[in-house]
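# Inside the fold
Spelled out from the first residue to the last, the chains are:
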Amino acid sequence: MEVALFVPCYVDQFYPGAARATLELLEKLGVTVRYPEGQTCCGQPMANSGYEHLAGGCNENFVERFSGYDYIISPSGSCVLHLKEHLHSEKHPVQGEEIRHRIFELTEFLTDILKVEELDARFPHKVGVHQSCHGQRGLKLSQMSELTAPAFSKPGKLLHLVKDIELVELDRIDECCGFGGTFCVAEEAVSVKMGKDRVADHLRHGAEYITGADMSCLMHMEGILRRNKSNTKVIHIAEILNSH
Amino acid sequence: MQANEKKHHTLADHFNADEARVDWHDKTLWFVRTKRDRLTHDLLEWEELRDTASQIKSHVLSNLSQYLEEFEQKASANGVVVHWAADAEEHNNIVFNLLKKQGIDRMVKSKSMLTEECHLNDYLAKQGIEVIDSDLGERIVQLAKEMPSHIVLPCIHKKKEEIGDLFHEHLGTEAGVSDPQILTETARQHLRDVFITRKAALTGVNFAIAETGEMVICTNEGNADMGAHLSNIHIASMGIEKIIPKRAHLGVFLRLLTRSATGQPITTYSSHFKKPRKGQEMHVILVDNGRSRQLGRTNFRNSLKCIRCGACMNTCPVYRRSGGHSYHNAVSGPIGSILAPNLDMKEFSDLPFASTLCGSCSNVCPVKIDIHDQLYKWRQELVKAGYTDKKKTVAMKLMAATLSSPTKFKLAGKLGRLTLKYAPFTVNNGLNPWYKGREMPAPPKESFSEWYANRGKDKKI
Amino acid sequence: MNSREKILQAVKLAQPEVLPLPTALETPTVYSDPVVKFTEVAQAVGSSVIEVNSLEAIEDHLKEVYLPELQKKWQASGKLRVVSTSVGFENFAEQIDSSDIDPHTFQDVEVAIMKADLGVAENSALWVPETIIRVLPFICQHLILLVDKKTIVSNMHQAYERMGLGQDDYGAFIAGPSKTADIEQSLVLGAHGPRSLWIYLIGDVE
């Protein structure tokens, strides 16, 4: 199986550790991983701001870089959801359509395609799980608290395979952290308040780490934790699943 | 007023000046959301009910003209006078003329978001007609000279002490009294006198049934019934989208409405008005006011399915932390943000951006409106129509050019990481708003792609 | 073109091709004992539920339990105006059988006794059709509803199925005393309508 790794632009620039862990974890599980050169961005920053029509260049670049792989994997639910819903190519419409079906967020790839049942990982810490909205409600990585339906969680299932990890319960299991792309600056006051409240829930329950399948939410919460000089850290789920 | 002062982010910023109050507001509404969860999670067929309701509404919207005519015919046969209003002004005129004909200058009104949308009270006041709102929450905001901040819980933004002060000033309670029991009792006595003395009553309509010409009105307080049954003339105002085909469909909608709204199994009163009381006049005004235009917008048509339960407001993390007034529209919150741009794209161009697109609203919606997808689509429409900041467009074009080109991206990244000035989400706003409450990520010494290029040299993949 | 034609024309142009109506729900929840569920929900929304086997038993209960309770809990005193639109309470209540009475004259009614046609277990709603005076179940201070146990159905679908299109000019589902939580979500019973609702569930009459 040959998969291509898509590392979102801000992860590439600010959180290389999350991307490294994703790569190493996949390799550990026997997957041949390619990292196509010249990849940039999924186009979401423009699209969510109302400029989807300007995302054409991003789209074409994406399709050129990522055509022909069995799967495309990315450690970001938000970017994957955007591509699944909005990627299209004028130049290569068929390939564009194909990518939309072949792109997976890391944890859903691990549970649904690789069907991972065990992991050689250990993380002896108290951890709070942040359900990022686009991964959870968009990609349906976990059951949503609003619905009357059986509970499940793909990231949760994987974390339970990690030795010595202690997952903390939260008061609000799937409330948004308030990042929201350009929302975080355009609606600064509400965004920060949402982030503070989300972080406080984790702290109240003794989390040493906040993890999740989307680095952007974690970046937002990290910004708040560091501003408050908290000892609690954020960590991408790939780094926990890849820990030893 | 400066253009920016009326925008959501500015109003939300003011609301957040008092953090303890934001916490209180958030917790109060979250409490309502958890009550809703308790009731809905109990019902195994909940999701099937939502699907069914959504499909009934899809059907209605696809056959609305016929159902409107059927309703008109049945209601007329029942002795109800049917009026049609193309817009808010015509609606207000119809109400005024009905009152004038009877020489009435005082009216009691139960909750109707449509009359808020039409600014009926202001209009009638200018004509010398006094309107008293009889829903407790609405009466409170009326005394405070404010708009409702929530469609179901109109004064949810007010603390009981503030309500106590209002009652002291207007209804003569003792200074400092804020016990909800005492305040409610005071309002009961005050409004009972109003019900007894008013000859005209206006109500909203929750559901209008084409098959029977009935109008169903739901309240917990009993105020719609008190007003209507004691009046000589009952006027019911409804948007044209409130029609449902059959009486049996009430079984679906009444099961959904209050469980979603307040976490009750049903409202205390679900009153079915078919014919006027002996000697009474009953009127219904069918109001378009932009609804037929929204019906024609394929992307936003489904917003007309709304049954006004307010669940999307209670669950919305932005609404809970910005307050209903920050939406500067009669209907606030997520549903208001997809309805308002249809009324005035320029004035409400900010609302679709007052969201993180988290999607919780769509999940609680009892008629399964794809609210967060419509917010996304409104953003595209508003940008194309030129209702957003021109500077933002320039910045977006620059960003799009950078992100389309691997070479430019690499360069920008290198510069960016060094100076921490580059991050796609801060485009056009700079980093100041980010830094106000947050730190930026600590810059790594190399990007992933740089690390990978070096690793490739060792491993020769 | 007048507004009616204008609106209908605009709607016709805007609406999509006709979509089908869905079928009824497959298996809405039904309760093995609807009366038990009804009682549980009724109490949860602030109603009092009394099971009786005859009209005489109701009258006895009214005198021995209800009125003393009314006086104790609600400080109702003096000569209380009690009216009934249901026959059989002539010793106890003023019988109302004419609709030609100005509804305003009922503003001093303390207790109203009325009959409900059916009850719904899932939400404790009782269907009260127009019985002579429309405002009566709202304007009274305290409401008493009588309902035959056999008419309690499980859910709203069953209720509307049984009611059909209905012959009533007006009717209301009533579930509990009137209430509001508009002030800081604090629940207060007795908003504009009755402060209390007592439901007499009538079983097999011997």
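If you're wondering where the values come from, they're calculated on a predicted model, not measured in any experiment.

Procedures and definitions
Residues numbered from 1 in each chain as written. Chains lettered and ligands numbered in written order. Predicted model: local features only at pLDDT ≥ 70, side-chain atom pairs only at ≥ 80, totals over all residues. Heavy atoms only, no water. Helix = DSSP H or I, 4+ residues; strand = E, 2+ residues; numbered from the N terminus. Buried < 20%, exposed > 50% of the residue type's maximum accessible area, 1.4 Å probe, protein only. Contact = heavy atoms within 4.5 Å. Areas by Shrake-Rupley, 256 points an atom, 1.4 Å probe, with all protein chains shown as cover. Lys, Arg positive; Asp, Glu negative; His and termini not counted. Charge placed at Lys NZ, Arg CZ, Asp CG, Glu CD. Rg over C-alpha atoms; globule rule 2.2 N^0.38 Å. Phe/Tyr/Trp six-rings, centres within 6.5 Å; stacked < 30°, edge-to-face > 60°. Lys NZ or Arg CZ within 6 Å of the ring centre and 35° of its normal. Salt bridge = Lys/Arg side-chain N within 4 Å of Asp/Glu carboxyl O. UniProt positions renumbered as here; feature names shortened; annotations may be inferred. 1 Å grid on protein atoms, 1.4 Å probe; cavity = no way out; pocket = protein on both sides within 12 Å on 5 of 7 lines; lining within 4 Å. Points joined across faces, edges and corners; volume = space filled by probe spheres on them. Domains from an automatic or database assignment. Pairing = 2+ DSSP bridges. Axes fitted to C-alpha atoms, helices over the stretch in contact; angles between N-to-C directions. Buried area = accessible area lost by both parts, 1.4 Å probe. Polar contact = N/O pair within 3.5 Å; in protein donor to acceptor, adjacent residues only side chain to side chain. Nonpolar A, V, L, I, M, F, W, Y, C, P; charged D, E, K, R; others polar. Core = buried A, V, L, I, M, F, W, Y, C linked by side-chain atoms within 4.5 Å.

## Thoughts on the overall build of chain C
Each helix and strand in chain C was counted, giving five helices and twelve strands. Based on the C-alpha atoms only, the size of chain C along its principal axes is roughly 65 × 45 × 40 Å. Taking all 206 residues of chain C together, 58% fall into the buried category. Within chain C, counting contacts between residues at least 6 apart in sequence, those at least 24 apart form 75% of the total. On chain C, roughly 9,200 Å² of surface is accessible, and the fraction owed to carbon and sulfur atoms is 49%. Looking at chain C, you have 16 positive and 29 negative side-chain charges, and the mean spots of the two groups are 4 Å apart.

## Quick notes on the overall build of chain A
Secondary structure assignment for chain A yields 13 helices and eight strands. Its C-alpha atoms give chain A a radius of gyration of 17 Å, within 12% of the compact-globule value 18 Å for 244 residues. The buried share among the 244 residues of chain A stands at 66%. When contacts within chain A are restricted to residue pairs at least 6 apart in sequence, long-range pairs at least 24 apart make up 77% of them. Only carbon and sulfur atoms are counted for the fraction: they give 49% of the accessible area of chain A, which is about 8,400 Å². With 25 positive and 34 negative side-chain charges, chain A shows a spacing of 4 Å between the two charge centroids.

## Some points on the packing of aromatic side chains
The full count for this structure, using the stated rule, is 20 aromatic pairs over all chains. Taking the centre distance of 4.3 Å and the plane angle of 20° together, the rings of Phe-62 of chain A and Phe-66 of chain A count as stacked. Taken together, the residues span about one helical turn, with Phe-62 of chain A and Phe-66 of chain A both in helix α4 (residues 56–66) at a distance of four residues. Under the relative-accessibility criterion, Phe-62 of chain A is labelled buried at 3%. Between Phe-207 of chain B and Phe-253 of chain B, the aromatic rings sit 5.5 Å apart at their centres with planes inclined by 35°, giving tilted as the arrangement. Residue Phe-207 of chain B is found in strand β5 (residues 207–209), and its partner Phe-253 of chain B is found in helix α12 (residues 249–261); the two are separated by 46 residues along the sequence. There is no split in this pair, since Phe-207 of chain B and Phe-253 of chain B are both buried. An aromatic cluster of three or more residues is present, and its members are Tyr-35 of chain A together with Phe-448, Trp-451 and Tyr-452 of chain B. Seen from the ring of Trp-434 of chain B, Arg-438 of chain B lies directly overhead, with NZ or CZ sitting 4.4 Å from the centre.

## Observations concerning the pattern of salt bridges
For the coordinates displayed, the defined rule picks out 56 salt bridges over all chains. Two residues, Arg-137 of chain A and Asp-174 of chain A, come together in a salt bridge whose shortest N-O distance is 3.7 Å. Taken together, the residues Arg-137 of chain A in helix α8 (residues 133–138) and Asp-174 of chain A in the loop between β6 (166–167) and α10 (183–186) connect sequence positions 37 residues apart. Take Arg-137 of chain A and Asp-174 of chain A: they sit in the same class, and that class is buried. Lys-150 of chain C is paired through a salt bridge with Asp-148 of chain C; the nearest N and O atoms lie 3.8 Å apart.

## Brief notes about the UniProt feature "domain: LUD" (unreviewed entry) in chain C
Per the UniProt record, "domain: LUD" (unreviewed entry) is annotated on residues 104–202 of chain C. Between the C-alpha atoms that bound residues 104–202 of chain C there is a distance of 31 Å. The span itself is 12% helix and 37% strand.

## Brief notes about empty space enclosed by the protein
One way to see where empty space is left: roll a probe the size of a water molecule over the atoms. Residue and element names in this part refer to chain A. For the structure on display, the rule yields nine cavities of 30 Å³ or more. Reported here for the largest cavity is a volume of approximately 420 Å³. When contributions to the lining of the largest cavity are tallied by element, the ones reaching two or more residues are α1 (9–14), α3 (44–47), α5 (77–86), α8 and α12 (215–227). Residues lining the lining of the largest cavity come from more than one domain, with at least three contributed by each of domain 1 (2–113) and domain 2 (126–241).

## Thoughts on the sheet that holds strand β12 (residues 196–202) of chain C
Residues and elements named next belong to chain C. In spatial order, the strands read β1-β12-β7-β4-β2-β3; together these six strands make up an open sheet with parallel pairing. The open sheet is flanked by β1 (48–52) and β3 (94–95), the only strands paired with a single partner. Inspection of the sheet shows β1 paired to β12 by five bridges, in the parallel sense. For Ile-50, the partnering residue across the bridge sits in β12 and is Tyr-200. Those strands touched by helix α2 (residues 34–44) are β1 and β12, and its axis lies near 170° from that of β12. Sitting on the sheet, helix α3 (residues 55–74) is in contact with β1, β4 (111–115), β7 (142–148) and β12, with an inclination near 160° to β12.

## Some remarks on the interface of chain C and chain B
In this assembly, 74 residues from chain C lie in contact with 98 residues from chain B. Between chain C and chain B, a total of about 7,000 Å² is buried, with carbon and sulfur atoms accounting for 59% of that surface. Counting every contact that joins chain C to chain B gives eight salt bridges. For Glu-122 of chain C, the salt bridge is made with Arg-259 of chain B, and the minimal N-O distance between the two is 2.7 Å. Counting across the interface, chain C meets chain B through 43 residue pairs in polar contact (both at pLDDT 80 or more). Listing elements by their share of the side of chain C that touches chain B, those giving two or more residues are α1 (3–14), α4 (136–139), α5 (156–163), β9 (170–174), β10 (179–180) and β11 (188–189) of chain C. Taken together, the residues that form the side of chain C that touches chain B break down as 37 nonpolar, 23 polar and 14 charged. Across five bridges, the pairing between strand β9 (residues 269–273) of chain B and β9 of chain C is antiparallel. Of the residues in β9 of chain C, the one forming a bridge with Ser-271 of chain B is Ala-172 of chain C.

## Topic: the arrangement of the chains
When the two pairs of chains in contact are ranked by number of contacts, first place goes to chains B and C. In this view chain A stays clear of chain C, with the nearest C-alpha atoms of the two still 14 Å from each other.

## Quick look at the UniProt feature "domain: Cysteine-rich" (unreviewed entry) in chain A
All names here are of chain A. The UniProt entry lists residues 3–84 and 127–221 under the feature "domain: Cysteine-rich" (unreviewed entry), expressed in the numbering used here. With 51% helix and 12% strand, residues 3–84 has its two end C-alpha atoms placed 17 Å apart. The span residues 127–221 carries 42% helix and 9% strand; its end-to-end C-alpha distance comes to 14 Å.

## Focus: the nonpolar core
Counting residues in hydrophobic clusters, the biggest one holds 174 residues, and the most contacted among them are Met-46 of chain A together with Phe-173 of chain C. Counting residues per element, this core draws most heavily on α12 of chain B, which supplies seven residues. Tyr-35, Phe-109, Met-219 and Leu-225 of chain A belong to the second-largest nonpolar core, a separate cluster that totals 74 residues.

## As for helix α8 (residues 136–143) of chain B
All names here are of chain B. Buried residues dominate α8, accounting for eight of its eight residues. Every buried residue of α8 is accounted for by Leu-136, Gly-137, Glu-138, Arg-139, Ile-140, Val-141, Gln-142 and Leu-143. One side-chain oxygen of the residue at the start of α8 lies 3.1 Å from the amide nitrogen of Gly-137, identifying that residue as Asp-135. Phi turns positive one or two residues past the end of α8, at Lys-145, with a value near 55°.

## Focus: the interface of chain B and chain A
On the chain A side, the residues contacting the 86 residues of chain B number 74 residues. Together chain B and chain A conceal approximately 6,700 Å² of surface at their shared face, both sides included; 60% is due to carbon and sulfur atoms. Our count for the chain B to chain A interface comes out at ten salt bridges. Among the ionic pairs, Arg-455 of chain B bridges to Glu-27 of chain A, the shortest N-O distance being 2.7 Å. Counting across the chain B and chain A interface gives 36 residue pairs in polar contact (both at pLDDT 80 or more). Ranked by residue count, the leading element in the side of chain B that touches chain A is helix α2 (residues 19–41) of chain B, at eleven residues. A breakdown of the residues in the side of chain B that touches chain A according to their chemical character gives 37 nonpolar, 23 polar and 26 charged.

## Describing the domain arrangement of chain A
Interface size is commonly expressed as the accessible area that is lost once the parts come together. Residues and elements named next belong to chain A. Domain boundaries in chain A define domain 1 (2–113) and domain 2 (126–241). On a C-alpha basis, the centres of domain 1 and domain 2 stand 22 Å from each other. Each partner contributes to the interface: domain 1 provides 25 residues, whereas domain 2 provides 21 residues. Summed over both sides, the interface of domain 1 with domain 2 buries roughly 1,900 Å², with 67% coming from carbon and sulfur.

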